[in-house]
Amino acid sequence: VRFVRDYNEGDFGTIDLKTASNGVYAVAKNGKGVAVEDAHESCIAVAFITDNQRIMIEKNGEANTEIIKAAYDVDAATNTDYTCFYWGMYNTDVVDINNISFVDAVKQDFNGKANTAAIIATPDTDSNTTYANMGAYCTKFNEMSGIYADWYIPAEGQLYEIYTYVTDINTALTNIGGTNFSTSSSYWSSSEYDSRNGWYVYFDNGNVNSNTKSYNNRVRFVRDI
């Protein structure tokens, strides 16, 4: 006799992600890991574990934007693009984020959770209404995301490691019916270069660079396991 169960229940994960070895896993609704080859669309995220980090990557990416669009904020009527976001207030140095001006140094920044909290705490009076502010969007996403409410914007070191394993991560996202990282786009990190610039990763070739905070890039949320 061979017993089976319905994957749609979403609680079939068995791997303890707090102790799992380095690699990429799917995440079931019960918060446990699932081997990528056994993943199912009922899974809620992708887990990414390295020596430097143990995080979940949000499943739907830009597909979330239409759901949240109407509830975003008072600018919802004038924002025209919810695929990309601007980093934050131009010419404003965010308190509690260390400015980093060298590539080798910013690749060691894994403080995405603290960085995001500092960005959210910084008042934004920017007149940019074509693109949404990534910190405000993160706040709204956490209010509406359901199972977890502690997603944040990865720091540059976290984002660069995601790029390094993006093929495996995208395979896992495909297997759970999620949205892949765009390998022809740039993604903002929560790392700050200075008052006018933030850091990003170009997912076509892994280029790590800074750009003006008013520029628009994609954003993908993560959370600590």
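Look up: the structure comes first, before these words.
Everything numeric here is computed off the predicted structure, so don't read it as measured data.

Conventions we followed
Residue positions within a chain follow its written sequence, with the count starting from 1. Note on the predicted model: pLDDT of at least 70 is required for a residue's local features to be given, and 80 or more for side-chain atom pairs to be given and counted; whole-chain, interface and lining totals, by contrast, use all residues. With hydrogens and water set aside, each side-chain value is computed from the structure's full complement of heavy atoms. Each helix corresponds to a stretch of at least 4 residues labelled H or I by DSSP, and each strand to a stretch of at least 2 residues labelled E; elements are numbered beginning at the N terminus. Each residue is placed in one exposure class: buried if its accessible area under a 1.4 Å probe, protein chains only, is under 20% of its type's maximum, exposed if it is over 50%, and partly exposed if it falls in between. Note on definitions: a residue-residue contact is assigned when non-hydrogen atoms from the two residues lie within 4.5 Å. Note on areas: Shrake-Rupley with a 1.4 Å probe; residue coverage comes only from the protein chains shown. Paired strands, as defined in this entry, are two strands with at least two bridges between them according to DSSP. As a rule, the C-alpha atoms of each element are fitted with a line to give its axis, helices using only the stretch in contact, and angles between N-to-C directions run from 0 to 180 degrees. Definition of a polar contact: a pair of N or O atoms within 3.5 Å, with one able to donate and the other able to accept a hydrogen when the atoms are protein atoms, and with sequence-neighbouring residues admitted only if both atoms are side-chain atoms. Of all possible arcs, the one meant is that of the directions from the helix axis to the C-beta atoms. Note on definitions: salt bridges are taken to be side-chain nitrogens of Lys or Arg within 4 Å of carboxyl oxygens of Asp or Glu.

J.: Can you walk me through the overall build of the protein chain in this structure?
T.: Helix and strand counts for the protein chain stand at 6 helices and 11 strands. Every one of the 225 residues in the protein chain was classed for burial, and the buried ones make up 49%. By sequence separation, contacts in the protein chain at least 24 residues apart represent 65% of the contacts at least 6 residues apart. Approximately 10,500 Å² of the protein chain is accessible, and the part contributed by carbon and sulfur atoms is 45%.

J.: How do you make sense of the sheet that holds strand S8 (residues 197-202) when you look at a structure like this?
T.: Backbone hydrogen bonds hold the strands of a sheet together, and the pairing may be parallel or antiparallel. Reading across the sheet, the 3 strands line up as S7-S8-S9 and stay open at both edges, with antiparallel pairing between neighbours. The open sheet has two free edges, formed respectively by strand S7 (186-194) and strand S9 (207-212), since each of these has just one partner strand. Sheet twist, expressed as the mean angle between neighbouring strand axes with direction ignored, is 35°.

J.: How do you make sense of the side chain of Glu192 when you look at a structure like this?
T.: Within the fold, Glu192 resides in strand S7. Of the polar contacts made by the side chain of Glu192, one reaches the backbone nitrogen of Val94; its length is 3.2 Å. Of note is the side chain of Glu192, whose polar atom sits 2.5 Å from the side chain of Lys213.

J.: I would appreciate a short explanation of the environment of Ala28 in the present structure.
T.: The residue Ala28 is located in the loop between strand S1 (23-27) and strand S2 (33-34) in this model. Taking relative accessible area as the criterion, Ala28 reaches 0% and is therefore assigned buried. Discounting chain neighbours no more than four positions away, the residues touching Ala28 are Gly10, Phe12, Gly13, Val34, Cys43 and Ile44.

J.: Even after reading the chapter, I still don't get helix H3 (residues 112-121), so can you show me in this structure?
T.: Each full turn of the α-helix corresponds to 3.6 residues, which orients residues three or four apart in the same direction. Among the residues of H3, Gly112, Asn115, Thr116, Ala118 and Ile119 are the ones counted as buried. Along the long axis of H3, the arc covered by the buried residues comes to 160°, so they all point the same way. As for H3, its buried residues are in contact with helix H4 (134-144), helix H5 (156-164) and S7.

J.: Honestly, the pattern of salt bridges in this entry has me stumped. Any pointers?
T.: As a working rule, side chains carrying opposite charge can pair if their charged atoms are close by. For the structure shown, the criterion picks out 4 salt bridges. Close ionic contact of Arg220 with Glu58 constitutes a salt bridge, the shortest N to O distance being 4.0 Å. Of this pair, Arg220 sits in the loop between strand S10 (216-217) and strand S11 (222-224) while Glu58 sits in strand S4 (residues 54-58), and the two are 162 residues apart along the sequence. Residue class for Glu58 comes out buried when judged on its relative accessible area of 5%.

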